[in-house]
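Geometric and topological summary
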Amino acid sequence: MAASMSSQEVSLDGEPHTSKSISSDFLREISEQFFEMVPARRMKWKDEEADMLISSTKLQQNLLKATIGHPLCSECPPSISYRKHFMKLLINKLESEGADICDEMYEAYAELISFGEDEEDNICFKSYKLPCGGNISLKESTNLVCNGTTGLSTWQAAQNLSEWLIENPVILADKTVLELGSGQGLTGLVTCKYCPIKTFSFSDCHPEVLQLLSRNIESNLFHQQSVKNIPEEYLGVKKQMSHSSEDARYISGVEVRDLCEGCDDEIRLDYVELEVNPDLWERDSSHRVATFKSDTRVNICYLDWECLKERFLEKIRADVIIGSDVVYDSRITPALVYVLRRLLEKGPAGSSSKPQAYIASTIRNEDTRDDFLIAMGSEGLSYSIVEPPKNQLFHYDRSVPIEILKISLD
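Residues numbered from 1 in each chain as written. Predicted model: local features only at pLDDT ≥ 70, side-chain atom pairs only at ≥ 80, totals over all residues. Heavy atoms only, no water.

This part covers the packing of helix α3 (residues 57-66) against helix α6 (residues 103-113). Think of two packed helices as two axes; the pair is described by the angle between the axes and how far apart they sit. At their nearest, the axes of α3 and α6 sit 9 Å apart, and the two run at 30° to each other. Judged by the angle between their axes, α3 and α6 are roughly parallel. Each of Gln60, Gln61, Leu63 and Leu64 in α3 lies in contact with α6, whose residues at this interface are Glu104, Met105 and Ala108. For the contact of α3 with α6, the per-class residue count stands at 4 nonpolar, 2 polar and 1 charged. (Axes fitted to C-alpha atoms, helices over the stretch in contact; angles between N-to-C directions. Helix = DSSP H or I, 4+ residues; strand = E, 2+ residues; numbered from the N terminus. Parallel < 35°, antiparallel > 145°, perpendicular 65-115°, else oblique. Contact = heavy atoms within 4.5 Å. Nonpolar A, V, L, I, M, F, W, Y, C, P; charged D, E, K, R; others polar.)

Time to look at the pairing of strand β3 (residues 176-180). For β3, the buried fraction is high: 5 of the 5 residues fall into the buried class. Alternating residues of β3 divide into Thr176, Leu178 and Leu180 and Val177 and Glu179, and every residue in both groups is buried. This β-α-β element, β3 to helix α8 (residues 186-194) to strand β4 (residues 199-204), shows right-handed connectivity. (Buried < 20%, exposed > 50% of the residue type's maximum accessible area, 1.4 Å probe, protein only. Right-handed = clockwise from strand over helix to strand, strands pointing away.)

In terms of nonpolar packing, the biggest core is built from 42 residues, with Phe202, Ile217, Trp281, Phe292, Ile300 and Ile322 touching the most fellow members. The element that contributes the greatest number of residues to this core is helix α7 (residues 156-167), accounting for 5 residues. Apart from residues no more than four positions distant in its own chain, Ile322 is found in contact with Leu161, Leu165, Val177, Leu178, Glu179, Leu180, Thr187, Thr191, Phe200, Tyr358 and Ile359. Within the second largest apolar cluster, 34 residues are counted, among which are Phe34, Ala40, Leu72 and Cys124. (Core = buried A, V, L, I, M, F, W, Y, C linked by side-chain atoms within 4.5 Å.)

Both strand β5 (residues 281-283) and strand β6 (residues 289-292) contribute to a ladder of 3 bridges, which runs antiparallel. Along β6, the bridge assignment pairs Glu282 with Thr291. In sequence, β5 turns back onto β6 through a hairpin of 5 residues, with His287 there showing a positive phi of about 65°. Here β6 runs beside strand β7 (residues 298-302); their pairing, made up of 3 bridges, is antiparallel. Looking at the pairing, Ala290 lines up with Ile300 of β7. If you look at the hairpin formed by β6 and β7, you'll find 5 residues sitting between the two strands. (Pairing = 2+ DSSP bridges.)

With that settled, consider the packing of aromatic side chains. Under the defined criterion, the tally for this structure stands at 8 aromatic pairs. A ring pair is formed by Phe34 and Phe35, whose centres lie 5.0 Å apart and whose planes are at 80°; its orientation type is edge-to-face. We note that Phe34, like Phe35, is buried. In this structure an aromatic cluster arises from ring pairing among Phe34, Phe35, Tyr82 and Phe86. (Phe/Tyr/Trp six-rings, centres within 6.5 Å; stacked < 30°, edge-to-face > 60°.)

Scanning the model with the defined rule gives 0 disulfides in all. Cysteine Cys192 is unpaired, with the sulfur of Cys195 as its nearest cysteine sulfur at 8.7 Å. On the basis of relative accessible area, Cys192 is assigned to the buried category, the value being 7%. (Disulfide = S-S within 2.5 Å.)

On to α8, then. Burial analysis of α8 places 7 of its 9 residues in the buried class, which makes it a mostly covered element. Taken residue by residue, α8 has Leu186, Thr187, Gly188, Leu189, Val190, Thr191 and Cys192 as its buried positions.

Among the surface-exposed residues, Asp100, Asp103, Glu104 and Glu107 lie close enough to one another that they form a single negatively charged patch. Relative to the helices and strands, Asp100 is located in the loop between α5 (80-96) and α6. (Patch = residues over 30% accessible without salt bridge, like charges linked within 9 Å, V, L, I, M, F, W, Y side chains within 5 Å. Areas by Shrake-Rupley, 256 points an atom, 1.4 Å probe, with all protein chains shown as cover. Salt bridge = Lys/Arg side-chain N within 4 Å of Asp/Glu carboxyl O. Lys, Arg positive; Asp, Glu negative; His and termini not counted. Charge placed at Lys NZ, Arg CZ, Asp CG, Glu CD.)

The structure is reproduced here in structure tokens:
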């Protein structure tokens, strides 16, 4: 927790900053970071706020109510291990400063450590506070890489692109939008809530990602029926992931077009078919695309970049293509760039606008980024870097640069 609990700042008139506005802002900030599962050691708070926590058992109780004891923590709980670490670090810090710690702190921690390791699931919730109020709560894996995919967790670029879209909703006004590599759906859900889209299609190629993604769409966009009434089998995700890492296939030294020509829309393997709740989704004849019955603007589809047939391409054409953290492995770059070029050739039927793409990337490896830019150039794609979001709405690591590219076909 990035604050030393030492000196208390004072105002110009010599009075300490102990106003309700400071405490309410402090509780809001800590609550937001807690539900996003920001590592406790990286949580940001000011010295005066830390000093207030030392001196006020009432504020300690309110902090518990804003985190461990908040109703959201029961409905969409962060992982048990995260909650344990948060409470342990908080108590240790208060004890090291000689604070009078309220009993509720110890009671909450004791209840958490009573859970055994076998009860610590590999699935948790992360919740993101929206500027207009409310939250987007995503069920996702506690592991950054699981079963050969990174799509079971939300990454920084998805949060960055979400912030940018909230500030620039007009770009998607009355547009048909396709998201590549949707993962657990943060960017798409933000888009559906904030942007006046015509339609929005989530897509991914990993079966486990698509299953979890469909649950997240249901729980965040479902309007006409309480999610509690949805059969349990459609809300949960198997603890034992059943799909092999072999499902995450890569291209290495193979011409993408050759791979695509070898595919057949008429032959569908079981793992290709979307496993969605038929009460909530309407699948098309290919079983690769499903429309959300509660909001027919919203679709989900199985999209394998390595195998893109013309007939399926026509189904998913869009005015705007978006994606975040899809540029992370040079082995899949040829397939990604090929798909982008084909999608940017023309928009959906009846659209006269030229398609555009917005791809957000965390620049972890300059070589990987350069490979992507060179591959785009070889396919006749041009790009420009857009201005980053002005407001920091979410609490992600910003130490590694993130850029958003606007891409079009020359």
